[in-house]
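# Understanding the architecture of this molecule
Listed below are the residues making up each chain.
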Amino acid sequence: MSLVEKIQDRSAKIVVIGLGYVGLPLAARCAGVGLRTMGIDIQQARVDRINRGESDIGDVPSEILAPLVKAGTLTAHTTFEVVADADAVVICVPTPLSKTRDPDNSYIIKALESVQPYVQKGQLFVLESTTYPGFTREVMVPMLEAAKGYKAGVEINVAFSPERIDPGNEKYGVKNTTKIVGGLTPACSEAVAALYGSFIDHVRMVTSPDCAEMVKLLENTFRAVNIGLVNEVALMCRKLGLNVFEVIEAAATKPFGFMPFFPGPGLGGHCIPIDPLYLSWKLKSMNYQARFIELADAINSQMPAHVVGRVQDALNDQCKSLKKAKVLVLGVAYKRDIDDFRESPAISVIELLEKKGALVDYYDPYVASFREDGHVRSSIADLSQLASYDVAVVTTDHKVFDMADIVARSPLVVDTRNATKLVAGAKAHVYGL
Ligand SMILES: NC(=O)c1ccc[n+]([C@@H]2O[C@H](COP(=O)([O-])OP(=O)(O)OC[C@H]3O[C@@H](n4cnc5c(N)ncnc54)[C@H](O)[C@@H]3O)[C@@H](O)[C@H]2O)c1
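Model, not experiment: these values are computed from the prediction. (Residues numbered from 1 in each chain as written. Predicted model: local features only at pLDDT ≥ 70, side-chain atom pairs only at ≥ 80, totals over all residues.)

### Let's talk about the site of the ligand
Threshold: By definition, a residue lies near a molecule or strand provided its backbone-derived C-beta atom is within 6 Å of it. Only DSSP runs of H or I reaching four residues or more are called helices, and only runs of E reaching two or more are called strands; each is numbered from the N terminus.
In the neighbourhood of the ligand, 28 residues make up the surrounding shell, with Gly 18, Gly 20, Tyr 21, Val 22 and Ser 129 lying closest. Looking at the shell around the ligand, the element that brings in the most residues is helix α5 (residues 106-115), giving 4 residues.

Next up, the structure:
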C-alpha cells in the first residue's frame, strides 16, 4: 500500500518530534482524525504529563488530549525507536537565535541525528520548524540520505511545511488555517499534501521546500516590518503631541489599501522577533543586506527603552525619580491571554527599569514565575497592594485586567497597549506610549 493510500484509510502511523506549542496541537489533530500518532520530546516531565492526558499547551485542552491518550491513539515517548515504525515523521523543535543573533538550527540537527538510525524506505519526513530558505534541501536532505543511503525524492520523501499557528487565536487553529507544503519532488509534495489534507481543511502546494520556507519568512517579516513602522509612527506621534492609537483607528476606517497594526512595548514570542533574522542572515551570506528587516529590528528593539523613558517622564511630572521608585509591571506574557513569555518585551522593560535603580515587581495571572539569565522571578499574588506602587506599567493587555480598577487605584499608569482607552475620567495620571 502506498503512503497516500495508508493516510487515506487511516492506517498510516505518524511521529511528531517536539511536543510544544506547535507539535502538541499537531499531534492532537492527527490523532483526532484516527491516525495513530506517536509524539517524541526530550523533556521527560512533558512526556509523562501527556501520557497522563494532561496538557500544558493552552490550544490543546486536557479534555481533548485525555480521550486520545486513553484510546491509545496518541502516545508520548522520550526515545526515538518509534520512528522505525512510522510512515511520516514531522519535526517541530525550536529554532531560536544564538547569542550572536544568528540562526540556531542545533535542535533540528540533534533531532535528525536521533532519527538517523531508524530511517526506513518509503517514509515521509516533514520539517515544520521555521528556518531559512534552503535549509531543508541543503542540510536536512543530506542528513537523511546519509543515514542509510536512501535517495531523497526517490526512496524517501522530504518536505517543508511551515507552521502558522497563532497561540490563543479562538477563530483560527490547525484545522482551518491553510497549510503550505513544499516537497522536494512532485511525489514528495503529493505525499505531504495527503498527510495534511487528512486533517486540515485547505492545503496549498508550492513548487519547492525553499519556496515554502520563504512563504513563512515573508509572513513574519511582513508583521515585523509593519509593527516596526507603526512603532516609529508612535515615536513620531509622541513628538507631534498626537495619540497614535486615535490616528491608526481613524486610518483603519479606509476600506481598502490599509491594514491596521498597533504599536507596543516591542516584539515578543518565538516567531516575529526571530524569524526575519533567519532571512537576513541567509541573505548576508549571499552578500545582500536585508534593509527593511534590519531597520524594523532596530526600531522594535528600542521600544522597551522608550517605555522606560515614558515611566521616567511620568514620575518626573510628579517630582519623583525612577531611582528607588516602586514600579509594578502588569503582564509579562508577550501578548494578551496567553502564558508564553519567550522574548517578551516586558522582560526587557523590567531589566532596564532595574538598571536605572527602580524597585520592580510584576503581576501576571498567566505567568506565575519565569527564569531569565539564571534568575527566577515570581509574580505578586494579586493586586491588593496596587496603591502602594508609584507607577503601574501596562505591558500586556490581558482581558482579566480590570483597567478601571487599575486606573482608579494607581497613583500613575503608563499604558503601552491603549488598554485604558475605555476607562472614563482620571486620565491626567495615565500616560500613553
Ligand atoms: N509557537 C508558535 O507560535 C509558532 C508558530 C509558528 C511556528 N513556530 C515554529 O515552530 C517551531 C517549534 O516552536 P514551538 O513554539 O512549538 O517550540 P516549543 O519550545 O514550545 O516546543 C518545542 C519542543 O521541542 C522539544 N525538543 C527540543 N529538542 C528536541 C529534540 N532533539 N527531540 C525531541 N524534542 C525536542 C522541546 O523539549 C519542546 O517541548 C519553531 O521553529 C518555531 O519557530 C512556532
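### As for helix α4 (residues 62-70)
Stated formally: To sort residues by exposure, count the other C-beta atoms lying within 10 Å of each residue's C-beta; 20 or more gives buried, 12 or fewer gives exposed, and values between give partly exposed, all with C-beta atoms placed from the backbone. This arc describes the spread of directions from the helix axis toward the C-beta atoms. The contact rule is simple: place each C-beta atom from the backbone, and if two of them lie within 7 Å, those residues are in contact.
For α4, the complete set of buried residues consists of Leu 65, Leu 68 and Val 69. The buried side chains of α4 occupy one side of the element, clustering within an arc of 100 degrees when seen end-on. Of the exposed residues in α4, those oriented more than 90 degrees away from the buried face are Glu 63 and Lys 70. Those residues of α4 hidden inside the fold are in contact with α2 (23-32), α3 (44-51) and β3 (74-77). Backbone geometry just after α4 places Gly 72 at a positive phi near 80 degrees.

### Thoughts on the pairing of strand β9 (residues 326-330)
This is how it is decided: We call two strands paired when DSSP finds no fewer than two bridges between them. Crossovers are described as right-handed under a simple rule: with the strands pointing away from the observer, the path leading from the first strand over the helix to the second runs clockwise.
The element β9 is extensively covered by neighbouring structure, given that 4 of its 5 residues are classed as buried. Sheet topology places β9 next to strand β10 (residues 359-363); 5 bridges connect them, and they run parallel. The partner of Val 327 across the bridge, within β10, is Val 360. Note on the crossover from β9 through helix α13 (residues 345-355) to β10: the handedness is right-handed. Bridge count for β9 against strand β13 (residues 391-394) is 4 bridges, and the pairing is parallel. The residue of β13 that forms the bridge with Leu 328 is Ala 392.

### A few points about the nonpolar core
Note the cut-off: For this entry, the nonpolar core is defined as buried Ala, Val, Leu, Ile, Met, Phe, Trp, Tyr and Cys residues connected by C-beta atoms within 7 Å. Segmentation of the chain into domains, including their bounds, is taken from an automatic or database domain assignment.
Formed by 81 residues in total, the largest nonpolar core has its most connected members in Ile 17, Val 89, Val 90 and Val 192. Split by domain, the residues of this core number at least three in each of domain 1 (3-207) and domain 2 (208-301). With residues up to four places along the chain from it excluded, the contact list for Val 192 reads Leu 124, Val 126, Ala 159, Ser 161, Val 181 and Gly 183. Residues Leu 328, Val 414, Ala 419 and Tyr 431 belong to the second largest nonpolar core, which totals 42 residues.

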